[in-house]
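Spelled out from the first residue to the last, the chains are:
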Amino acid sequence: MMRGNGNMQGMMKQMQKLQKDMTKDQEALNATEFVGEASNDLVKVTFTGDKKMTDIMIKEEAVDPDDVDMLQDLIIMAVNDAMTKIEKTTTDKLGKYSQGMPGL
């Protein structure tokens, strides 16, 4: 009877370690900066891993009062580029915690 209880304690310790490691990796990811860029670096945006924008840089040549749509498109392109980078890095770093777990 004692044997099953010891196994459960071992599993609980493994789960606690896994949770601690996952929290540490998530915090590191959140502190990482991701730069998204549009065509010819006309627009660059910087996000943290938790998807908060911290900076935007727009080159002067991207600002044309007669073509605001182009600037809007460049901003969207840069933001989407940053989001793609965040998602890929998140999957690469945190995906290991959900592998083999049903429903995750």
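All of the points below concern the structure found in this document. This is a predicted model, so every value here is computed, not measured.

### Some remarks on the pattern of salt bridges
Then comes step 1: Across all of its chains, the model carries five salt bridges by this definition.
Then comes step 2: With a shortest N-O distance of 2.5 Å, Lys51 and Glu87 are connected by a salt bridge. Residue Lys51 is found in the loop between strand S2 (43-48) and strand S3 (53-58), and its partner Glu87 is found in helix H2 (residues 68-94); the two are separated by 36 residues along the sequence.
Then comes step 3: Judged by its relative accessible area of 43%, Lys51 is partly exposed.
Then comes step 4: One salt bridge in this structure joins Lys88 and Asp92, with 2.7 Å as the shortest N-O distance. Separated by four residues within a single helix, Lys88 and Asp92 lie in helix H2, roughly one turn from each other.

### So, the nonpolar core
Then comes step 1: Ala38, Val43, Val45, Phe47, Ala62, Leu74 and Ala78 are the most contacted members of the largest nonpolar core, which has 15 residues in total.
Then comes step 2: Only S2 and H2 provide two or more residues apiece to this core.
Then comes step 3: Counting residues per element, this core draws most heavily on H2, which supplies six residues.
Then comes step 4: Excluding its chain neighbours within four sequence positions, the residues that come into contact with Leu74 are Ala38, Ser39, Leu42, Val43 and Ala62.

### Quick notes on a nonpolar patch on the surface
Then comes step 1: A grouping of Met53, Ile56, Ile58 and Val63 is seen on the molecular surface, where their side chains present a nonpolar patch of about 320 Å² in accessible area.
Then comes step 2: Note on placement: Ile56 falls in strand S3.
Then comes step 3: With a relative accessible area of 37%, Ile56 lands in the partly exposed category.

### Considerations on the pairing of S2
Then comes step 1: A large share of S2 lies buried, amounting to five of its six residues.
Then comes step 2: When strand S1 (residues 33-37) meets S2, the two strands line up antiparallel, connected through five bridges. Each bridged residue has a counterpart across the sheet, and for Val35 the counterpart in S2 is Thr46.
Then comes step 3: Counted along the chain from S1 to the antiparallel partner S2, the turn is five residues long, and its residue Asn40 has a positive phi close to 55°.
Then comes step 4: Summarising the sheet, S2 and S3 pair through five bridges and their orientation is antiparallel. Considered in S3, the bridge of Phe47 is made with Met53.
Then comes step 5: Linkage of S2 to S3, two consecutive antiparallel strands, is achieved through a turn of four residues, within which Lys51 is found at a positive phi near 65°.

Definitions and cut-offs
- Residues numbered from 1 in each chain as written.
- Predicted model: local features only at pLDDT ≥ 70, side-chain atom pairs only at ≥ 80, totals over all residues.
- Heavy atoms only, no water.
- Salt bridge = Lys/Arg side-chain N within 4 Å of Asp/Glu carboxyl O.
- Helix = DSSP H or I, 4+ residues; strand = E, 2+ residues; numbered from the N terminus.
- Buried < 20%, exposed > 50% of the residue type's maximum accessible area, 1.4 Å probe, protein only.
- Core = buried A, V, L, I, M, F, W, Y, C linked by side-chain atoms within 4.5 Å.
- Contact = heavy atoms within 4.5 Å.
- Patch = residues over 30% accessible without salt bridge, like charges linked within 9 Å, V, L, I, M, F, W, Y side chains within 5 Å.
- Areas by Shrake-Rupley, 256 points an atom, 1.4 Å probe, with all protein chains shown as cover.
- Pairing = 2+ DSSP bridges.

Honestly, that's just the spatial picture; any functional story needs more than this.
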